[in-house]
Amino acid sequence: MKKVFGFGFLLLGVVLFSCQNNDKQGGQLTSEELSEKSTQIAMDEIAMESATTELDYEVDFYANAEFVLSQWMGMGKRWGWMNGLRYKYNHCPDLTIENEDGGYPKTITLDYGDSTVLRSGKVLSGVVIIEISGPRSDGDYTRFITYEDFGVDSLVVNGTAQVTVDRENSVFRTFTSDLVFLLADGTSINRTSVREWEWIEGIDSEMDQTDDMVQITGYTNATTSEGDEYMKEIIEPLIRTRNCRFIVQGVVEITLNGELLSSLDYGDGECNDVAILTQDGETAEVDLSVRKCRFK
């Protein structure tokens, strides 16, 4: 059983951060305001991508482990904390598995309550429901996921997603999602995404998460409660590793009404907390650990 890369980490909490001041002129956006909006969107996307990866990990871990977990529950054993998990001691979601006559489809319900704390300090809450069409040994199968007030720190997610697996395809895992993110300040963002995951390293070491390396490609369309519509596209694959809290490589571009707003470069594979944001010909260092940026 492959425990899909267990990143006990992730990037950010929710932030609406401005690197520049703005002045309104005649009710239209000035160049400074457009720059500020670009920065805000980029930083919000970092936060939502962080939360999305937490969602993906939880779904993958429990969906991949459903056969063993079903056996344990059939023997009357209770799922709980154990060494090697990314949760703090005595912090695990409540788990139930429902199915017909021991077969498929199966429904896994994960209830994180008000506070399930990870070793990294992140706090998960709410409910995740996973419907699985067939076992991982099948050549292809789907997982349909529903998020009910699923919280990652101060960010809350509702909506649905689907994971489609096709083992005959080199890019064997495709994610589609239609989610609503509620930010700490009350702003909501409707976000639809298509992403593909491909393991670069670690897929054959089923019980060892330390060597996992995954690349992510795809795009996202979003509409904010303020009326902005934008697109985020991964133009160079994002790379995540088990032993780093942050994305270590890749480039993302964000466009607003078809116009390039900014690009975010996560580096060349080194594990650090810095990404480079470029907009209007200027560059800024984004400190991923404290959610701040400064223009050079």
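Rules and cut-offs
- Residues numbered from 1 in each chain as written.
- Predicted model: local features only at pLDDT ≥ 70, side-chain atom pairs only at ≥ 80, totals over all residues.
- Heavy atoms only, no water.
- 1 Å grid on protein atoms, 1.4 Å probe; cavity = no way out; pocket = protein on both sides within 12 Å on 5 of 7 lines; lining within 4 Å.
- Points joined across faces, edges and corners; volume = space filled by probe spheres on them.
- Helix = DSSP H or I, 4+ residues; strand = E, 2+ residues; numbered from the N terminus.
- Nonpolar A, V, L, I, M, F, W, Y, C, P; charged D, E, K, R; others polar.
- pLDDT = per-residue confidence, 0-100.
- Contact = heavy atoms within 4.5 Å.
- Pairing = 2+ DSSP bridges.
- Salt bridge = Lys/Arg side-chain N within 4 Å of Asp/Glu carboxyl O.
- Buried < 20%, exposed > 50% of the residue type's maximum accessible area, 1.4 Å probe, protein only.
- Phe/Tyr/Trp six-rings, centres within 6.5 Å; stacked < 30°, edge-to-face > 60°.
- Patch = residues over 30% accessible without salt bridge, like charges linked within 9 Å, V, L, I, M, F, W, Y side chains within 5 Å.
- Areas by Shrake-Rupley, 256 points an atom, 1.4 Å probe, with all protein chains shown as cover.
- Lys, Arg positive; Asp, Glu negative; His and termini not counted.
- Charge placed at Lys NZ, Arg CZ, Asp CG, Glu CD.
- Core = buried A, V, L, I, M, F, W, Y, C linked by side-chain atoms within 4.5 Å.

Engineer: I'm lost on empty space enclosed by the protein in this one. Help?
Structural biologist: Rolled over the atoms, a probe with the dimensions of a water molecule shows which regions are left empty. Inspection of the entire model under this criterion finds 3 cavities of 30 Å³ or more. Considered as a void within the structure, the largest cavity measures approximately 90 Å³ in volume. Lining of the largest cavity is provided by 13 residues; of these, Asp56, Tyr147, Ala161, Phe175 and Arg195 occupy positions nearest its centre. Of all the elements in the fold, those that place two or more residues in the lining of the largest cavity are helix H1 (31-64), strand E4 (140-152), strand E5 (155-166) and strand E6 (173-182). Considered class by class, the residues forming the lining of the largest cavity number 8 nonpolar, 3 polar and 2 charged.

Engineer: Honestly, the confidence of the model for the chain in this entry has me stumped. Any pointers?
Structural biologist: Where the model shows low pLDDT, its predicted coordinates should not be examined in detail. For the chain, per-residue confidence averages 77 on the pLDDT scale, and residues scoring 70 or more make up 77% of the total. Mean pLDDT per element in the chain: strand E14 (residues 292-295) is the minimum at 46, and strand E3 (residues 123-132) is the maximum at 95. Below pLDDT 50 for its whole length, residues 1-27 participates in 120 contacts with residues either more than four positions away or in separate chains. This model gives residues 291-296 a pLDDT under 50, and the stretch forms 30 contacts once residues within four places in sequence are excluded.

Engineer: What is the right way to read the pairing of E5 from this model?
Structural biologist: Each regular strand carries side chains that alternate between the two faces of the sheet. Where E4 and E5 come together, 11 bridges link them in antiparallel fashion. Looking at the pairing, phenylalanine 144 lines up with glutamine 162 of E5. Turn length for the E4-E5 hairpin, with the two strands adjacent in sequence and antiparallel, is 2 residues, and the turn residue aspartate 153 shows positive phi of about 55°. The pairing of E5 with E6 spans 10 bridges and is antiparallel. Residue alanine 161 lies in a different strand from E6, and its bridge partner there is serine 177.

Engineer: Can you help me understand the pattern of salt bridges in this one?
Structural biologist: Working definition: two side chains of opposite charge can pair if their charged atoms are close together. Taken as a whole and judged by the stated rule, the model has 4 salt bridges. With its nearest N and O atoms 3.0 Å apart, the salt bridge here joins aspartate 56 to arginine 195. With aspartate 56 in helix H1 and arginine 195 in strand E7 (residues 188-201), this residue pair connects regions lying 139 residues apart in the sequence. A relative accessible area of 5% places arginine 195 in the buried class. Taking the shortest distance from any N to any O, the salt bridge between glutamate 66 and lysine 106 comes out at 2.9 Å. Highlighted residues: glutamate 66 in helix H2 (residues 66-74) and lysine 106 in strand E2 (residues 106-117), separated in sequence by 40 residues. A single burial state applies to glutamate 66 and to lysine 106, both of which are buried.

Engineer: In this structure, what is going on with the packing of aromatic side chains? I would like to understand it.
Structural biologist: Aromatic ring pairs are reported here in terms of the distance separating the ring centres and the angle at which the planes meet. For the structure shown, the criterion picks out 4 aromatic pairs. Centroid distance phenylalanine 61 to tyrosine 62: 5.0 Å. Interplanar angle 80°. Geometry classified as edge-to-face. With relative accessibility at 5%, the residue phenylalanine 61 sits in the buried group. For tyrosine 62, a relative accessible area of 0% gives the class buried. Summarising the aromatic geometry, the rings of tyrosine 112 and phenylalanine 150 are spaced 5.3 Å apart at their centres and angled 85° between planes, so their arrangement reads as edge-to-face.

Engineer: Help me understand a negative patch on the surface, please; the structure alone is not making it clear to me.
Structural biologist: Together, Glu236, Asp265, Asp268 and Glu270 give the surface a local cluster of negative charge. One can find glutamate 236 in strand E9 (residues 229-241).

Engineer: Explain the nonpolar core here, please?
Structural biologist: Soluble globular proteins tend to pack their nonpolar side chains together in the buried interior. The biggest cluster of nonpolar side chains holds 66 residues, and the ones touching the most others in it are Val128, Ile130, Tyr147 and Tyr266. Broken down by element, this core gets its largest block of residues, 12 residues, from H1. Dropping the residues within four chain positions of it, valine 128 is found in contact with Val59, Ile108, Thr109, Leu110, Tyr112, Ile145, Thr146, Tyr147 and Phe150.

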